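So you can see what is in the structure, the chains are spelled out below.
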Amino acid sequence: MSDATRSGQPVSETADVVVVGGGPGGSTVATLLARSGHRVVQLEKESFPRYQIGESLLPSTIHGVCRLLGVDEKIKNAGFMHKRGGSFRWGKNPVPWNFLFAISPEFAGEGSYAYQVERMKFDQILLENAAEQGVDVRQRSRVNGTITDETGRVTGIRYVDADRVEHQIDAKFVVDASGNTTRLSKYAGGERIYSDFFQNVAVFGYFENGKRFPAPDSGNILCAAFDEGWMWYIPLSDTLTSVGAVISRDKAEHVLNAQEETLLHYVDRCEIVKDMLSDATRVTEGTYGEIRIRKDYSYANTQFWGNGMVLVGDAACFIDPVFSTGVHLATYSGVLAARSINSVLAGAMTEERAFTEFEGRYRREYAVFYEFLSAFYDMEQSEDSYFWKARKVTNFDRNDMTAFVSLVAGAYSGEQALTDPEQIIERFSASTAALTEAAERTGGMDTDSGQRMGHLFGTQVVRDVMEEMNAFQARGAVGTDGSEPPLLDGGLVPSADGLSWAEPAPATV
């Protein structure tokens with residue numbers, strides 16, 4: 001026992017960065033900081049494996065971030081359910097329409113799928129990988145305060161370990177990756193603003209022996225709208241299914257006192273999910289035996305960084321579960337945060353310069369999804385809803401189908417995207433016509449509903465999402481030499497190793 005422990009004083013130590021939270025965002029930023037040679041302490045209040053919602057992932061996370069972190073093979077060998085795309089029963093049409101990540105034979109390789117994951121297993125893989133790559137990971141460590149200087153800057157963290165010993169870690173930066181229940185985000189200097197539009201409540205549980213779509217689409221996520229909201233149906237294994245109902249807050253007064261009755265009521269209200277669960281039984285024991293609720297989950301902080309504090313993942317913002325963007329935003333923001341912290345600690349640029357890039361890119365990603373999802377919800381589950389209105393008013397060309405696929409995939413990925421990124425970016429720009437032609441041969445998308453989708457996703461906001469995701473995926477672990485143009489006006493570009501920021505190369509005449 002140390003002298004500090006015997007005297008009742010906190011155990012004091014120093015680090016370059018303290019990361020609070022052991023989820024995907026925290027493990028991403030911690031790993032990339034440690035890889036750059038910094039001393040990083042990652043604090044997680046629970047003991048892994050632990051339960052977490054958010055099981056449906058995007059290809060950008062699997063083939064981009066996981067590759068960057070060096071866990072792609074572990075993820076591949078974990079036995080997770082393959083997700084080739086998704087199925088939607090949205091509007092009055094009783095027949096689901098599908099999207100596939102692989103809409104042409106050319107992209108039937110590494111980037112054509114994602115996974116449905118048990119977050120207990122997925123998050124543990126990322127956390128263990130962080131420890132293997134040099135992060136000082138400490139579980140069962142509950143943060144109970146910050147250390148600040150006379151200017152109000154956060155200069156460290158106080159926490160209590162599993163043995164109830166108090167610790168104090170002085171650090172140059174603190175990353176808040178502690179999720180939607182964070183108590184630290186306020187130290188960045190802003191406040192949480194809840195969405196006026198996405199005022200929803202989710203109630204969810206787990207079932208055994210639910211039905212599956214016919215192979216090879218048996219791993220698809222199903223999102224099914226009904227009169228009062230929509231439901232997700234996520235196959236986590238051959239037998240285990242995550243099922244949740246998302247309803248507006250003004251229709252959910254009874255949820256808190258009758259969780260199971262509420263969930264089963266909405267299952268009964270949603271015909272396709274009711275049919276999928278007709279032979280299923282709800283899990284009532286163990287980790288998956290609890291009916292859970294999430295409410296007031298759509299928000300964004302007014303500041304994502306400040307005063308020595310950096311917010312990533314749900315600590316900064318969250319939109320809505322319909323297109324499974326939560327883990328994507330968390331891991332993507334972790335990459336951006338690591339680049340900014342690495343740049344500042346290396347003395348390459350000021351905090352203002354580095355973190356303006358972090359916040360600008362992060363907010364841009366959040367904003368395009370927010371705008372897109374707002375439009376997606378603006379339909380009231382009727383035939384003259386958003387899909388149909390978009391087709392009639394805009395008459396967008398079917399070429400824009402590729403924008404939708406890029407959006408819901410989160411990336412344009414594969415081995416070649418990481419080994420020859422410039423060629424992949426050029427190839428993507430030239431392949432729109434080929435992809436659109438191939439889309440006509442994709443199951444579920446050459447229907448009347450598929451044509452509506454092609455018109456629907458032809459907006460500039462989707463093209464913006466596509467552009468950034470594809471560029472991010474293509475850079476992968478190799479980054480850029482600074483010759484590419486910055487994403488933001490007057491902004492920065494990734495360094496050659498992808499771990500920090502660089503000033504863009506001067507324009508040539």
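Since the structure is predicted, the reported quantities are computational estimates derived from the model, not experimental observations.

Reading guide: rules and limits
Residues numbered from 1 in each chain as written. Predicted model: local features only at pLDDT ≥ 70, side-chain atom pairs only at ≥ 80, totals over all residues. Heavy atoms only, no water. Patch = residues over 30% accessible without salt bridge, like charges linked within 9 Å, V, L, I, M, F, W, Y side chains within 5 Å. Areas by Shrake-Rupley, 256 points an atom, 1.4 Å probe, with all protein chains shown as cover. Salt bridge = Lys/Arg side-chain N within 4 Å of Asp/Glu carboxyl O. Lys, Arg positive; Asp, Glu negative; His and termini not counted. Charge placed at Lys NZ, Arg CZ, Asp CG, Glu CD. Helix = DSSP H or I, 4+ residues; strand = E, 2+ residues; numbered from the N terminus. Buried < 20%, exposed > 50% of the residue type's maximum accessible area, 1.4 Å probe, protein only. Polar contact = N/O pair within 3.5 Å; in protein donor to acceptor, adjacent residues only side chain to side chain. Contact = heavy atoms within 4.5 Å. Phe/Tyr/Trp six-rings, centres within 6.5 Å; stacked < 30°, edge-to-face > 60°. Core = buried A, V, L, I, M, F, W, Y, C linked by side-chain atoms within 4.5 Å. pLDDT = per-residue confidence, 0-100. Pairing = 2+ DSSP bridges. Axes fitted to C-alpha atoms, helices over the stretch in contact; angles between N-to-C directions. Parallel < 35°, antiparallel > 145°, perpendicular 65-115°, else oblique. Left-handed = near helix turned anticlockwise from the far one by under 90°. Nonpolar A, V, L, I, M, F, W, Y, C, P; charged D, E, K, R; others polar.

Some thoughts on a positive patch on the surface
On the surface, Lys45, Arg142, Arg183 and Lys186 cluster together into a positively charged patch. Residue placement: Lys186 occurs in the loop between strand S10 (166–176) and strand S11 (192–194). When its relative accessible area of 54% is taken as the criterion, Lys186 is described as exposed.

Details of unusual backbone geometry
The linkage connecting Phe48 with the following residue, Pro49, adopts the cis geometry, with an omega of 0°. Here Pro49 shows up in the loop between strand S2 (40–44) and helix H3 (59–69). Omega for the peptide link from Ala215 to Pro216 comes to 5°, which places this bond in the cis form. Its location among the elements puts Pro216 in the loop between strand S12 (200–208) and strand S13 (221–226). Positioned with a positive phi, Asn209 is a non-glycine residue whose angle comes to about 70°. Inspection of the secondary structure assignment puts Asn209 in the loop between S12 and S13. By relative accessible area, which is 46% here, Asn209 ends up partly exposed.

Some words on the side chain of Thr182
Here Thr182 shows up in the loop between S10 and S11. Here the side chain of Thr182 touches Asp176 through a polar contact of 2.5 Å, side chain to side chain. Apart from residues no more than four positions distant in its own chain, Thr182 is found in contact with Asp176, Arg192 and Ala315.

A word on the packing of aromatic side chains
Inspection of every chain in the model, using the stated rule, returns 15 aromatic pairs. Measuring from ring centre to ring centre gives 5.9 Å for Tyr194 and Tyr299, while their planes differ by 65°; the resulting arrangement is edge-to-face. Taken together, the residues span a long stretch of sequence, with Tyr194 in strand S11 and Tyr299 in strand S18 (residues 299–301) at a distance of 105 residues. With a centroid separation of 5.7 Å and 55° between ring planes, the pair formed by Phe358 and Tyr362 is classed as tilted. Placement of the pair is Phe358 and Tyr362 together in helix H9 (residues 351–377), with a separation of four residues, close to one helical turn. Take Tyr362: its relative accessible area is 0%, and that puts it in the buried class. Clustering of aromatic rings is evident, with ring pairs tying together Phe173, Phe304, Trp305, Phe355, Phe358 and Tyr362.

Remarks on the nonpolar core
One finds Ile75, Phe122 and Phe358 to be the most contacted residues of the largest nonpolar core, which totals 98 residues. Looking at this core, the element that brings in the most residues is helix H8 (residues 326–345), giving nine residues. In this structure, Ile247, Val267, Cys270 and Val273 belong to the second largest nonpolar core, which totals 21 residues.

Describing the pattern of salt bridges
Here the structure, examined in full by the defined rule, presents 21 salt bridges. Between Arg292 and Glu290 there is a salt bridge; the shortest N-O distance is 3.5 Å. For the salt bridge of Glu503 with Arg353, the shortest nitrogen-to-oxygen distance reads 2.8 Å. A residue pair is termed long-range when its members are at least 10 positions apart, and Glu503 in the segment after strand S23 (501–502) and Arg353 in helix H9 qualify at 150 residues. Accessibility expressed as a relative area gives 27% for Arg353, which makes it partly exposed. Through salt bridges with shared partners, a single ionic network connects Glu13, Arg39, Asp136 and Arg138.

A word on the environment of Leu264
On the secondary structure map, Leu264 appears in helix H6 (residues 259–269). Sequence separation between Leu264 and Lys274 is ten residues; the distance between their C-alpha atoms is 9.1 Å.

Overview of the confidence of the model for the chain
For the chain, per-residue confidence averages 77 on the pLDDT scale, and 72% of positions sit at 70 or higher. Long-range and interchain partners of residues 379–403, a stretch whose pLDDT sits below 50, account for 64 contacts in this model, where long-range means more than four residues apart.

Some thoughts on the pairing of strand S5 (residues 97–100)
Side-chain alternation along S5 places Trp97 and Phe99 on one buried face and Asn98 and Leu100 on a second face that is also buried. Bridge count between strand S4 (residues 85–89) and S5: four bridges; the pairing is antiparallel. Following the sheet pairing, Ser87 is matched in S5 by Asn98.

Observations concerning the sheet that holds strand S21 (residues 317–318)
Spatially, the three strands line up as an open sheet ordered S11-S18-S21, and their pairing is antiparallel. Each edge of the open sheet carries a strand with a single partner, namely S11 and S21. With three bridges joining them, S11 and S18 adopt antiparallel strand pairing. Residue Tyr194 lies in a different strand from S18, and its bridge partner there is Tyr299.

What to know about the packing of H3 against H8
Running from N to C, H3 and H8 point in directions that differ by 30°, and their axes come no closer than 11 Å. Relative to H8, H3 is oriented roughly parallel. With respect to the hand of their crossing, H3 and H8 are arranged in left-handed fashion. On H8, the residues that touch Ser60, Thr61, Val65 and Leu68 of H3 are Val327, His328, Thr331 and Val335. Here the residues of the contact of H3 with H8 are counted per class, giving four nonpolar, four polar and no charged.

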